[in-house]
Amino acid sequence: MPPRRRLLLSLTAALAASTALPAQAQAQAFEGPLRMVVPYAPGGSSDRVARLVADKLGPKLGLTVVVENRTGGGGRIAAQQLKATPAHQNVLLLANPALMLVAPLVFKDAGYDPDKDFQPVSQASSYEFAVAVGAGVPVRELNHLLAWLRANPEQANFGVPATGSLPHFFGLMVGEKAGVKAQVVGYRGSGPLLADLMGGQVPVAFDTFDTLLPQHEAGKIRILAVSSAKRSPFAPAIPTFKEAGLDLGADGWNTFFAPASMPAARAAQFGQAIREVMQDPETVRRFNDARLGPVASTPEQTRRMLAAYRAQWAPVVQKSGYQP
């Protein structure tokens, strides 16, 4: 065989091999189902985000995506279990500030390091907080609620979906700003909290706005204020905290993380697919229908967001003196 023809055949074979490798690597990366772990009970904001994303992510990846709710320890149990995930397994954790910011600050040993044990994949949503009362509580405005709590200190308690969550600390901020001392009642998720709020077992609740809004619209609870800078387009009759007399504002997020053991290339593939899902018009519509703000971010954008969030909230958590 002439040398030039031998060289051409060698180059062709090398090129074919190089183009085949990514497809082979992708097949290996996506072997088996993808487990999407939500560290809270069904019915809350994190759970809704996971299921909305899973519906679109599965077909895009050609995988079965299974949403798993692992409750306990304010989400820490799920994080502790997932940090030890073997590298070959496909699993993502949908985490919020309670796991990646609060727990490492308030626990001597949270059982995981958010920076060393996990890698950010993509942010998925942003949300606001709100305060609501049960239908049987005789108040309809925030200033009336605060006056009622001062006059009825035996009922001065509020429920939160989990102790150590951002709704918990936002509730403490509201109480401090208003001069009301209240007892925090922690629940294992938004579902049980809403059940007790509607049943009258707890008079006041702080939770995410999107979680409380459906029951507000049904007349089973009353939202008195929302933590956004402007009134929500989903419920323009509800004032912001600032409009209601307390100069406060805050938001939260849901973000996908992969265990540090997952190969970076595979985490990047999952992240790219999630960003495409979050930018899909149907996904945007479904998030808006669920009163959620869809977000798509690269790992580097997510890291910058996390750093800015820690700078904002770490002083609040530390000042609260909260001890689990």
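Quick caveat: nothing in here was measured; it's all calculated off a predicted structure.

## Brief notes about the nonpolar core
One broad trend across soluble globular proteins is that nonpolar side chains are buried collectively.
So, step 1. Among the nonpolar cores identified, the biggest contains 85 residues, and Leu93 and Leu145 are the most heavily contacted of them.
So, step 2. Listed in part, the 16 residues of the second largest apolar core include Leu197, Ile221, Ile223 and Ala235.

## Notes on the pattern of salt bridges
So, step 1. Using the criterion set out here, one finds 15 salt bridges in the structure.
So, step 2. The partner of Arg48 in a salt bridge is Asp210, with the nearest N and O atoms 2.2 Å apart. Of this pair, Arg48 sits in helix H2 (residues 45–61) while Asp210 sits in helix H8 (residues 209–217), and the two are 162 residues apart along the sequence.
So, step 3. When its relative accessible area of 2% is taken as the criterion, Asp210 is described as buried.
So, step 4. With a shortest N-O distance of 3.7 Å, Asp280 and Lys56 are connected by a salt bridge. With a gap of 224 residues between them, Asp280 in the loop between helix H9 (264–278) and helix H10 (281–289) and Lys56 in helix H2 connect regions that are remote in the sequence.
So, step 5. Each member of the salt-bridge network shares a partner with another, and the members are Arg35, Glu68 and Arg70.

## Overview of helix H11 (residues 299–320)
So, step 1. Under the 1.5 Å per step criterion, the end-to-end length of H11 is 31 Å for 22 residues, consistent within 8% with the ideal 32 Å.
So, step 2. The axis of H11 is deflected most strongly, by about 35 degrees, at Trp313, and proline Pro315 appears within four residues downstream.
So, step 3. Those residues of H11 that sit buried are Thr302, Met305, Leu306, Tyr309, Trp313, Ala314 and Val317.
So, step 4. Those residues of H11 hidden inside the fold are in contact with helix H4 (97–106), strand S4 (118–134), helix H6 (166–178) and strand S9 (251–259).
So, step 5. Gly321, located one to two residues past H11, shows a positive phi value of around 70 degrees.

## A word on the environment of Pro324
So, step 1. Tracing the chain through its elements places Pro324 in the segment after H11.
So, step 2. Residues Pro324 and Asn143 lie 181 residues apart in sequence; the distance between their C-alpha atoms is 30 Å.
So, step 3. Ignoring anything within four residues of it in the chain, the contact list for Pro324 reads Val106 and Phe107.

## A look at the pairing of S9
So, step 1. The buried fraction of S9 amounts to eight of the nine residues, a majority that puts the element mostly inside the structure.
So, step 2. Note: strand S3 (residues 91–95) against S9, three bridges, orientation antiparallel. Paired with Ala95 across the strands is Thr255, a residue of S9.
So, step 3. Pairing of S4 with S9, which is carried by nine bridges, proceeds in the antiparallel orientation.

## Structural notes on H2
Because the α-helix completes a turn every 3.6 residues, residues three or four places apart line up on one side.
So, step 1. In this model, H2 (17 residues) spans 24 Å end to end at C-alpha, consistent with the 24 Å of a helix rising 1.5 Å per residue.
So, step 2. The sharpest bend along H2 measures roughly 30 degrees and falls at Ala54.
So, step 3. Looking only at H2, the buried set comprises Ser45, Ser46, Asp47, Val49, Ala50, Leu52, Val53, Ala54, Leu57, Gly58 and Leu61.
So, step 4. Looking one or two residues past H2, Gly62 carries a phi angle of roughly 75 degrees, positive in sign.

## Some details on the packing of aromatic side chains
Remark: the centre distance and the inter-plane angle together describe each pair of aromatic rings, the angle taken between the planes.
So, step 1. Summed over all chains, the structure comprises nine aromatic pairs.
So, step 2. Geometrically, the ring pair formed by Tyr127 and Phe129 is edge-to-face, given 5.7 Å between the ring centres and 85 degrees between the ring planes.
So, step 3. Taking the centre distance of 5.7 Å and the plane angle of 75 degrees together, the rings of Trp253 and Tyr309 count as edge-to-face. A residue pair is termed long-range when its members are at least 10 positions apart, and Trp253 in strand S9 and Tyr309 in helix H11 qualify at 56 residues.

## So, the pairing of strand S6 (residues 183–186)
So, step 1. The sheet contact formed by strand S5 (residues 157–160) and S6 spans four bridges and is parallel. Bridge pairing in S6 links Asn157 to Gln183.
So, step 2. The handedness of the S5 to S6 crossover, carried by H6, is right-handed.

## Some thoughts on the side chain of Thr208
So, step 1. Residue position: Thr208 is located in strand S7 (residues 204–208).
So, step 2. Within polar-contact distance, the side chain of Thr208 engages the side chain of Thr211 at 2.6 Å.
So, step 3. For Thr208, the residues in contact, after removing those within four places along its chain, are Ser45, Tyr127, Glu128 and Phe129.

## Focus on the packing of H4 against H11
So, step 1. Across the interface, H4 lies against H11 with an axial gap of 10 Å and an inter-helix angle of 45 degrees. Judged on the interaxial angle alone, H11 and H4 are oblique. Taken as a pair, H4 and H11 cross one another with a handedness that is right-handed. Touching Pro97, Met100, Leu101, Val102, Leu105 and Val106 of H4 are Tyr309, Arg310, Trp313, Ala314, Val317 and Gln318, all from H11.

What counts as what
- Residues numbered from 1 in each chain as written.
- Predicted model: local features only at pLDDT ≥ 70, side-chain atom pairs only at ≥ 80, totals over all residues.
- Heavy atoms only, no water.
- Core = buried A, V, L, I, M, F, W, Y, C linked by side-chain atoms within 4.5 Å.
- Buried < 20%, exposed > 50% of the residue type's maximum accessible area, 1.4 Å probe, protein only.
- Salt bridge = Lys/Arg side-chain N within 4 Å of Asp/Glu carboxyl O.
- Helix = DSSP H or I, 4+ residues; strand = E, 2+ residues; numbered from the N terminus.
- Expected span 1.5 Å × (residues − 1).
- Bend = angle between axes of the 7 residues up to and from the residue.
- Contact = heavy atoms within 4.5 Å.
- Pairing = 2+ DSSP bridges.
- Phe/Tyr/Trp six-rings, centres within 6.5 Å; stacked < 30°, edge-to-face > 60°.
- Right-handed = clockwise from strand over helix to strand, strands pointing away.
- Polar contact = N/O pair within 3.5 Å; in protein donor to acceptor, adjacent residues only side chain to side chain.
- Axes fitted to C-alpha atoms, helices over the stretch in contact; angles between N-to-C directions.
- Parallel < 35°, antiparallel > 145°, perpendicular 65-115°, else oblique.
- Left-handed = near helix turned anticlockwise from the far one by under 90°.

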